[in-house]
Amino acid sequence: MELFDMVMAYAGHPVRTALEIGAGTGKATRLFARRGVVVTATDPDGAMLAELREHVPKSVRSVQAAFEDLRSGERYGLVYAAAALHWTNPEGRWSRVAALLEPGGVFVSCGGPFQLADPAVEEAVRAARAPFLESDEIPSPDGTPPDHEMQWPGTELQQSEWFTGVQQSVIERRVTMSARDYVSHLSTISAYLVLPTAEREHVCSQIMQVLPDRVEMTADITVHLARRRHGMSSHRI
């Protein structure tokens, strides 16, 4: 996959070990594990990890823990987060990531919104959710405007003493999914997650009613890469 090749090209050498932040059900875990990287997949949700273990190679080690509770006894060639970094605590975020990386190791964050490609379908969904949600967009965690050249978390990485070589790339994607899968995806977005359960179920039901059987999505992936600086003393982490 293009993402794997992009990460390996940036690393400049084979990456043998990786730690994943917020692995969820393991979509990104499979991408790296099936290409020979020994992955430690972490997530605070035991049910998510149980499903992950059903779909990943046996070489994958799973650890039930929030990112903030991970201990830095072991260091990895790669630490990555796929659409999960915004759930981590910003205080001390980058020193924690650095503590998990070998000097010169690579950090990767990737993700992006699924957006309906058909304007008419998008308008129907907007009208269906309007009584419950004005918008389901995820604002930038640090307030970076959407038209800014460098987006979050690249903005934070550029300011961090622990990282260098910050790059931002976009992998363009179009995907088609069933209406049911699209609504399932909505239920994982923070704007919906914060709704009371009954309200969330109701708005998802209302959206389901206005969708065609299959929907086309713009699903571009924004990728941020950075390298842990050499020469940073570990006792400062």
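As a reminder, the structure under discussion sits directly above these lines.
1. Looking at the sheet that holds strand 2 (residues 38-43)
Reading across the sheet, the 7 strands line up as 3-2-1-4-5-10-7 and stay open at both edges, with mixed pairing between neighbours. The open sheet is flanked by strand 3 (61-64) and strand 7 (163-171), the only strands paired with a single partner. Neighbour-to-neighbour, the strand axes of this sheet turn through a mean angle of 20 degrees, independent of strand direction. Pairing between strand 4 (residues 76-82) and strand 5 (residues 101-111): 6 bridges, direction parallel. Paired with Leu 78 across the two strands is Val 106, which belongs to strand 5.

2. Here's the deal with helix 5 (residues 119-129)
Buried within helix 5 are the following residues: Val 121, Val 125, Ala 128 and Arg 129. The buried residues of helix 5 all sit within an arc of 90 degrees when viewed along its axis, so they share a single face. Facing away from the buried side of helix 5 by over 90 degrees, the exposed positions are Pro 119 and Ala 120. Against strand 6 (115-116), helix 7 (179-186), helix 8 (190-193), helix 9 (197-210) and strand 9 (214-218) lie the buried residues of helix 5.

3. Some points on the packing of helix 7 against helix 9
Packing of helix 7 against helix 9 brings their axes to within 10 Å, and their N-to-C directions diverge by 150 degrees. Regarding the angle of helix 7 to helix 9, the classification is roughly antiparallel. Relative to helix 9, helix 7 is oriented so that their crossing is right-handed. Between helix 7 and helix 9, the contacting residues are Ala 179, Arg 180, Tyr 182, Val 183 and Leu 186 on the first element and Cys 204, Ile 207 and Met 208 on the second. For the contact of helix 7 with helix 9, the residue count by class is 7 nonpolar, no polar and 1 charged.

4. What about the sheet that holds strand 8 (residues 174-178)?
In spatial order, the strands read 6-9-8; together these 3 strands make up an open sheet with antiparallel pairing. Each of the sheet's edge strands pairs with one partner strand only, and the pair in question is strand 6 and strand 8. Where strand 6 and strand 9 come together, 2 bridges link them in antiparallel fashion. Residue pairing for strand 9: Leu 116 is matched across the bridge by Met 217. Taken strand by strand, helix 7 contacts strand 6, strand 8 and strand 9, and its axis lies near 105 degrees from that of strand 8.

5. Regarding the environment of Glu 20
Secondary-structure assignment places Glu 20 in strand 1 (residues 17-21). With residues up to four places along the chain from it excluded, the contact list for Glu 20 reads Ala 28, Thr 29, Val 39, Thr 40, Ala 41, Thr 42 and Tyr 80. Reaching out from Glu 20, the side chain makes a polar contact with the side chain of Thr 29 at a distance of 2.5 Å. There is a polar contact of 2.9 Å between the side chain of Glu 20 and the side chain of Tyr 80.

6. Observations concerning unusual backbone geometry
With an omega dihedral of 5 degrees, the bond running from Trp 152 to Pro 153 counts as a cis peptide bond. Residue Ala 83 is not a glycine yet carries a positive backbone phi of 55 degrees. When you line up the elements, Ala 83 lands in the loop between strand 4 and helix 4 (93-99).

7. With respect to the environment of Arg 228
Considering the arrangement of structural elements, one finds Arg 228 in strand 10 (residues 221-228). When the C-alpha atoms of Arg 228 and Ala 99 are compared, they prove to be 9.4 Å apart, with 129 residues separating the residues in sequence. At 3.4 Å, the side chain of Arg 228 forms a polar contact with the backbone oxygen of Leu 101.

8. Some points on the nonpolar core
If you look at the biggest cluster of nonpolar residues, it comprises 30 residues, and the most contacted ones within it are Val 7, Phe 32, Val 39, Leu 78, Tyr 80, Val 108 and Val 223. Secondary-structure elements contributing two or more residues to this core are helix 1 (2-11), helix 2 (27-33), strand 2, helix 3 (46-55), strand 4, strand 5 and strand 10. The biggest single contributor to this core is helix 1, with 7 residues. Discounting chain neighbours no more than four positions away, the residues touching Leu 78 are Val 7, Val 15, Thr 17, Ala 18, Leu 19, Phe 32, Leu 101, Val 106 and Val 108. In this structure, Tyr 76, Trp 94, Leu 101 and Leu 157 belong to the second largest nonpolar core, which totals 22 residues.

Here is what the cut-offs are and how they apply
Residues numbered from 1 in each chain as written. Predicted model: local features only at pLDDT ≥ 70, side-chain atom pairs only at ≥ 80, totals over all residues. Heavy atoms only, no water. Pairing = 2+ DSSP bridges. Helix = DSSP H or I, 4+ residues; strand = E, 2+ residues; numbered from the N terminus. Axes fitted to C-alpha atoms, helices over the stretch in contact; angles between N-to-C directions. Buried < 20%, exposed > 50% of the residue type's maximum accessible area, 1.4 Å probe, protein only. Arc of directions from axis to C-beta. Contact = heavy atoms within 4.5 Å. Parallel < 35°, antiparallel > 145°, perpendicular 65-115°, else oblique. Left-handed = near helix turned anticlockwise from the far one by under 90°. Nonpolar A, V, L, I, M, F, W, Y, C, P; charged D, E, K, R; others polar. Polar contact = N/O pair within 3.5 Å; in protein donor to acceptor, adjacent residues only side chain to side chain. Core = buried A, V, L, I, M, F, W, Y, C linked by side-chain atoms within 4.5 Å.

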